Each structure stands twice: as structure tokens, then as C-alpha cells.
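Structural features, examined
Below, each chain spelled out in residue letters.
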Amino acid sequence: MKCLRLHTSQQEVPVGKIVCLGRNYAAHAKEMKSEIPTVPVVFLKPSSALIRNGEPIVLPLISNDVHYEVELVVAIGKSGKGISSSDAGDHILGYGIGLDMTLRDVQSEAKKKGLPWSVAKGFDTSAPVSDIIPGNEVRDIHDFRIRCSVNGVVRQESSTIGMIFSVEKIIEYVSSFLTLERGDLIFTGTPEGVGPVVAGDVIEAELVGYAKISHRVIAD
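Summarised in this report is the structure supplied together with it. Residue numbers run consecutively from 1 along every chain, following the written order of its sequence. Local features are withheld for residues below a pLDDT of 70 in this predicted model, meaning they are given only at 70 or higher, and side-chain atom pairs are given and counted only at 80 or more; totals for whole chains, interfaces and linings count all residues. Side-chain metrics rest on all non-hydrogen atoms present in the structure, leaving aside hydrogens and water.

1. Structural notes on the environment of Thr102
Formally: Helix and strand definitions follow DSSP, with helices as H or I runs of at least four residues and strands as E runs of at least two, each counted in order from the N terminus. Contact criterion: two residues are considered in contact whenever any of their non-hydrogen atoms come within 4.5 Å of each other. Pairing of N or O atoms within 3.5 Å defines a polar contact, subject to two protein rules: one partner must be a possible hydrogen donor and the other a possible acceptor, and residues neighboring in sequence count only if both atoms are side-chain atoms.
With respect to the helices and strands, Thr102 occurs in strand β10 (residues 102-103). As a C-alpha pair, Thr102 and Arg145 span 43 residues in sequence and 22 Å in three-dimensional space. Those residues in contact with Thr102, other than ones at most four positions away along the chain, are Asp65, Val66, His67, Glu69, Gln107, Ala120, Lys121 and Phe123. Within polar-contact distance, the side chain of Thr102 engages the side chain of Lys121 at 2.8 Å.

The structure is reproduced here in C-alpha cells:
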């Protein structure tokens, strides 16, 4: 079973489901030629997609266009259903940085046919995640700086201030139809600047001031 790790104590917590948001930054929705959503766009990754810092990202043979998407990740520490936004903080274990690796060509074909994105988003190694910083060790959860570099060149850099739906609103919405359990992860969406990687590239993602991950991309 895949586990997340708490940064301070090195405690490990089994990971359940990985809940992801699409189009949660207006500029990214625009770059993808998509409408800005009025309710969160939610999809899932299996826990088997998770890898930790330093493990390789493996490019599946079924895709020729694999993209990085840097995201703030929220770890759930207390189970709940129907959680209000005002109570959401009580259910948060902590925060990390993650990459929502995406088979863009596979996703685009699925969109054209009205099919799910499961293969494009849920393949093995598609969810790199850092150690989790406990919630009581962060300063302002509404203004995290997130950054992604490929081969040392910054490709994405933004603040979570730009999220359309805040962490609290995401938890409120998702928990209205899914029970959130300890060990679940929420990927909160990516800002603009997504793009492709190829075998041999090194991707670095950072929750500035808190956590950083680095992954080499390899062919299957």
C-alpha cells in the first residue's frame, strides 16, 4: 500500500483515494481553451499512481505527449462527510507539492469521444507527491507559492491566491458526495504554463519555503 509521509515526524499514513481538480485557475482554463467552471471539476487517480521524491516518472508507451502540472496537495487527516467550509480546517492533516502528470494526447482523444480521463490521468507514476507539511507549521494556506521547473528552467510559478475554488470550498464540495478519509489526497489544480516532457528530463516542483520534489523522466 502506498503511504504519504509527514515531514516533521516521518510518520507514514496509508493513502486512500486521490481526488483531483481540473481548471481551478482561470489562466490555465484559458490556455486549455476551456470554460471557467462554476462548480469544481473533479476526477480521481488511484493510489497506485503515487510516487515520492526521487522516484522516476515512467512514460507509458501509449502516449507521445506527456505533460507536467504542478499543484498544491492537501492531505486529509480526519474523516468526514458533508464537511462545511468553516469546518474544513479541522479535517486537514497538512500540505505538500505534487505533479499531476497527464497523457495529453490520450486525454484529448477521450474528450473528443466523451470518454473518461482515467487512463490519461491515473497511470502508474502520474502522481508524484512530497512529504506532507503539518497544517500547524504553515503560515497562510491561501497564499502558497508553487513552482515547477524542467531541466532547471522555470515553467510554472504562481500563488494559490489564484485558485477559483479555495481549499475550504473544495473540501466542502467533494465531501458533499464523497466521504473524505484519513490519508486521502486532494490535488487542487494547476496554474498556467503546463507543457510536455520527454525521457531524460528532470522535473522539480516546489511548495516554496516548505517542500520540494525532483523526478527524472524515463521511458517505459
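Moving on, there is more to tell.
2. Topic: the pattern of salt bridges
Heads up, the condition is: By definition here, a salt bridge exists when the distance from a side-chain nitrogen of Lys or Arg to a carboxyl oxygen of Asp or Glu is within 4 Å.
Counted under the stated rule, the structure contains 12 salt bridges. The salt bridge partner of Glu181 is Lys17, with a shortest N-O separation of 3.4 Å. Here Glu181, found in the loop between α4 (167-174) and β15 (185-187), pairs with Lys17, found in the loop between β2 (12-14) and β3 (18-22); they are 164 residues apart in sequence, far enough to count as distant. Linking Lys113 and Glu109 is a salt bridge whose minimum nitrogen-to-oxygen distance equals 3.6 Å. With Lys113 and Glu109 both in helix α2 (residues 104-113), this residue pair falls 4 residues apart, about one helical turn.

3. So, α4
Short version of the rule: Note on classification: 1.4 Å probe, protein chains only; a residue is buried when its accessible area is under 20% of the maximum for its type, exposed when over 50%, partly exposed between these limits. Comment: arc refers to directions from the helix axis out to C-beta atoms.
Those residues of α4 that sit buried are Val167, Glu168, Ile170, Ile171 and Val174. An end-on view of α4 places all buried positions within 160° of arc, on one side of the element. Check the buried side of α4 and you find it contacts β3, β4 (41-45), β8 (70-76), β9 (92-99) and β15.

4. Focus on the packing of aromatic side chains
Which entries qualify depends on this criterion: Working definition: rings of Phe, Tyr and Trp (its six-membered ring) pair if their centres are within 6.5 Å, and the pair is stacked with planes under 30 degrees apart, edge-to-face with planes over 60 apart, and tilted otherwise.
Applying the stated criterion across every chain yields a total of 4 aromatic pairs. Aromatic side chains Phe43 and Trp117 sit 5.5 Å apart centroid to centroid with 55° between the ring planes, which places their arrangement in the tilted category. A residue pair is termed long-range when its members are at least 10 positions apart, and Phe43 in strand β4 and Trp117 in the loop between α2 and α3 (118-122) qualify at 74 residues. Exposure remark for Phe43: the relative accessible area of 10% places this residue in the buried category. Exposure remark for Trp117: the relative accessible area of 22% places this residue in the partly exposed category. Site record: aromatic cluster; members linked through ring pairs are Tyr95, Phe144 and Tyr210.

5. Looking at the nonpolar core
Operational definition: Put simply, a nonpolar core is a bunch of buried Ala, Val, Leu, Ile, Met, Phe, Trp, Tyr and Cys residues held in one set by side-chain atoms that sit within 4.5 Å of each other.
One finds Tyr95, Leu99, Met101, Ile171, Ile203 and Leu207 to be the most contacted residues of the largest nonpolar core, which totals 45 residues. Apart from residues no more than four positions distant in its own chain, Leu207 is found in contact with Leu72, Tyr95, Gly96, Ile97, Phe144, Arg145 and Ile146. Judged by nonpolar contacts, the second largest core, of 17 residues, contains Leu4, Ala49, Leu50 and Leu185.

In short, geometric facts, not functional conclusions.
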